[in-house]
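# Secondary and tertiary structure notes
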Amino acid sequence: MEFDSRLLRPAGGFGRRARLLAAASWAPNAALALGFFAGLLLAAPPAHRCRPDPALLPPALRNLSGPALLNASVPRGPAGWSRCLLYRYAPGAAGPNRTGPCTRGWVYELPAAGLRSSLVTQWDLVCSDRWKVPLEQTTYLLGWLSGCIALGLACDRCGRRATFVFSLVLAVPLGIGVALALNYMMLLSLRLLLGAALAGTFLSLYVARLELCDPPHRLMVVMVAGFFWVAGELLLPGLAVLCRQWRLLQGAVTLTLALLATCWGCPSLFPESPRWLLATRQLEKGRKGLRALAEGNGVSLEDEFYSQEHLLAELESDGAPLPRYHTLCEVFSTRVIWKNSLILGFTAFIGSGIRHCFTRNLAPYLPQFYFSYFLLAALEATACLFLCVTVNRFGRRPILLLCTILTGIASLLLLALTQYLLNWIILTLSVLGIASSQAVAMLSIFFASEVLPTVVRGAGLGLIMAASFVGKAAGPIMDIQNNRGFFLHHVVFASFAILSVLSIMLLPESKGKGLPESLQDGESQRRPPLFRSSRRRDQLPLLSPRSAGHAPEAQDYARLVTATKKMLRSHRHTPPRDRQLLLEPAPGGDPQEET
């Protein structure tokens, strides 16, 4: 079924109604970005030191106060007061002879990331409990991963709109629960479920937005949604400064999700995808959705266009009728679809996972939280802008190949030559690596959404996004281990980046093509040649390609074809004896001339 050319284009294509729905799908990205990045601010570690404990001091020093008590209790080094140690005194000794852990808690330098209280200060997640902060971040990303897989299946089974509304409604009480969490374990479980709900919202919104567009507008609509995501990321620190408390910040983020569920739960702002309805043979609902789209685009079509007979004919025009639903297991039995999904999932995993290697190189040069936060957001916007400018011009596969090569080169140079390079070169390579890896991850997901068929697009794209979140989780996992094994981590991802360059060559090109609807459409995709071959002289058409659009010459070509067919038909029905007479040479003549 060629939905774009046979159904979407007659219904107005990317007309007024389609543009309105696409614009309405951008705003939720800002709210989802608030929910995704809020964890960075909620768990931002403030500067801290041990609270002095007079009980550990000798009797002669227990009446000290202020700076004198601090000097007698807390060790001081070149970097300042010790964060996790207090002096210990032997009985009868005038000075300390050893150090030990804090006994009365910590003193925090606030605000941190705009907040006067955070998860760290709430449950003292420092020193021996420092590993609980990256564990919370890993758990949250694990929630996004599981939500992409589970709710991606729901997208293909229950529909894009139903999954979006269900996920959003589920996210609101979970967000409230996070704001009211009583202990760390309760927070951990609620953040896991909240991540899954937000992942379902993001995935269903992404798929529905893509299926609304015709081929020329797909990239720009998706990239503008990426800019709204960056806008939400930039607004979050200002919201934190206004809230000042982590519970209030989580409540404000949940309030935006509640407003989103109230407004975008309306079918007029987020209707079900007509493409998915027709691909799954829900003809009555698909007819209504297509009619609403055409009327909103200002196109009036005959009733025969919306008849079930016409839609059924379009569905069955490319072979046997399709089953109503497809499962993810059927993707594993395919050849081309599975290959494309595996390659793009691999590149999305690399683009997200290798970013931690570059951001760690930036840490000594960006000591302040806000500076590094805004730099990463600016590089994300730069990657979006680069894709907007280049992908429609040069194609998906070449730009993905270019960004992967840049990521691999920057990673290899930093891996091998960091100790020999100047600081500004290290900073430049790290910035280039972050921007290119971000472009790889974004383009891999967009590319996958274009090559996956409509009947399995939700589940397939969910798997690829899940691979991306596995890569994102590499950073917090390394922090849990206190960055032990970072060199091996960097070597593995740099090797994967070079390996993915070879696998990208096997991908098809989806630029300017309609979205595949069935598994047969997905299997029929073929990769273009690596190099453009010059057309040989014996393969030139009878008429010049530039003149094919002129009506008189096209009519002459049609007459030529008709006359040739008539001549061959008459020659086929001529008796063999008459055919031999035609071939006999005339006296003094040439057989070829007589013929």
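Heads up: the structure comes first, above all this text.
Residues numbered from 1 in each chain as written. Predicted model: local features only at pLDDT ≥ 70, side-chain atom pairs only at ≥ 80, totals over all residues. Heavy atoms only, no water.

## Considering the overall build of the chain
Here is the rule: The secondary structure listing takes helices from DSSP runs of H or I that are at least 4 residues long and strands from runs of E that are at least 2 residues long, numbered from the N terminus. Residue burial is assigned from relative accessible area. The probe radius is 1.4 Å, only protein chains are included, and a residue is buried under 20% of its type maximum, exposed over 50%, and partly exposed in between. Here, residues are in contact when the closest pair of their heavy atoms is within 4.5 Å. Method for areas: the Shrake-Rupley scheme with a 1.4 Å probe, in which residue coverage is limited to the protein chains shown.
Tallying secondary structure elements over the chain gives 27 helices and six strands in all. Within the chain, the fraction of its 595 residues that count as buried is 49%. In the chain, of all internal contacts separated by at least 6 residues, the share reaching a separation of at least 24 is 78%. Just so you have it, the chain exposes about 28700 Å², and 64% of that area is on carbon and sulfur atoms.

## So, the packing of aromatic side chains
Keep this limit in mind: Only Phe, Tyr and Trp rings take part, Trp by its six-membered ring, and two of them pair if their centres are within 6.5 Å. Stacked means planes under 30 degrees apart, edge-to-face means over 60, and tilted covers everything else. A ring is considered to have a charge above it if a Lys NZ or an Arg CZ atom is located within 6 Å of its centre and within 35 degrees of its normal.
Under the counting rule described, the total for this entry stands at 21 aromatic pairs. Ring geometry for phenylalanine 36 against tryptophan 144: centres 5.0 Å apart, planes inclined by 85°, an arrangement best described as edge-to-face. With phenylalanine 36 in helix α3 (residues 27-42) and tryptophan 144 in helix α6 (residues 132-158), the pair connects residues that are 108 residues apart, well separated along the chain. The two residues phenylalanine 36 and tryptophan 144 agree in class, both being buried. Summarising the aromatic geometry, the rings of phenylalanine 164 and phenylalanine 270 are spaced 4.3 Å apart at their centres and angled 15° between planes, so their arrangement reads as stacked. One end of the pair, phenylalanine 164, is in helix α7 (residues 160-179); the other, phenylalanine 270, is in the loop between α10 (246-264) and α11 (274-279), and 106 residues separate them in sequence. On the basis of relative accessibility, which here comes to 0%, the residue phenylalanine 164 falls in the buried class. Here the aromatic residues Phe36, Phe37, Tyr140, Trp144, Phe202, Tyr206, Trp229 and Phe469 are joined through ring pairs into a cluster of three or more. Above the ring of tryptophan 81, the side-chain terminus of arginine 76 is found at 4.6 Å from the ring centroid.

## What about the environment of serine 167?
Counting through the fold element by element, serine 167 comes out in helix α7. Take serine 167: its relative accessible area is 0%, and that puts it in the buried class. C-alpha separation for the pair serine 167 and glycine 147, spaced 20 residues apart in sequence, amounts to 9.2 Å. Apart from residues no more than four positions distant in its own chain, serine 167 is found in contact with Leu151, Ala197, Gly200 and Thr201.

## So, the pairing of strand β5 (residues 96-101)
To be explicit about the condition: In this description, strands pair whenever DSSP reports at least two bridges between them.
Alignment of strand β4 (residues 85-89) against β5, held across five bridges, turns out to be antiparallel. When the sheet's bridge partners are listed, tyrosine 89 is paired in β5 with proline 96. Joining the antiparallel neighbours β4 and β5 is a turn of six residues, in which glycine 92 adopts a positive phi near 80°.

## As for the nonpolar core
In globular proteins that are soluble, nonpolar side chains generally tend to be buried together. Quick note on the threshold: Take the buried residues of types Ala, Val, Leu, Ile, Met, Phe, Trp, Tyr and Cys, join any two whose side-chain atoms come within 4.5 Å, and each joined set is a nonpolar core.
By size, the foremost hydrophobic cluster in this structure holds 109 residues, and its most contacted members are Trp144, Leu461 and Met465. With 15 residues, helix α8 (residues 184-212) is the single largest residue contributor to this core. Within the second largest apolar cluster, 19 residues are counted, among which are Ile350, Leu362, Ala467 and Ala497.

## Regarding the pattern of salt bridges
As a reminder of what qualifies: The working definition used for a salt bridge is a side-chain nitrogen of Lys or Arg within 4 Å of a carboxyl oxygen of Asp or Glu.
In this structure the tally under the stated criterion is eight salt bridges. The partner of glutamate 211 in a salt bridge is arginine 160, with the nearest N and O atoms 2.6 Å apart. With glutamate 211 in helix α8 and arginine 160 in helix α7, this pair connects stretches of sequence that are 51 residues apart. Note that arginine 275 is salt-bridged to glutamate 517, the shortest N-O span being 2.8 Å. You can see arginine 275 sitting in helix α11 and its partner glutamate 517 sitting in the loop between α23 (486-504) and α24 (519-523), a full 242 residues away along the chain. Relative accessible area serves as the criterion here: at 1%, glutamate 517 is assigned to the buried category. Each of Asp156, Arg160, Glu211 and Arg457 takes part in a single network of salt bridges with overlapping partners.

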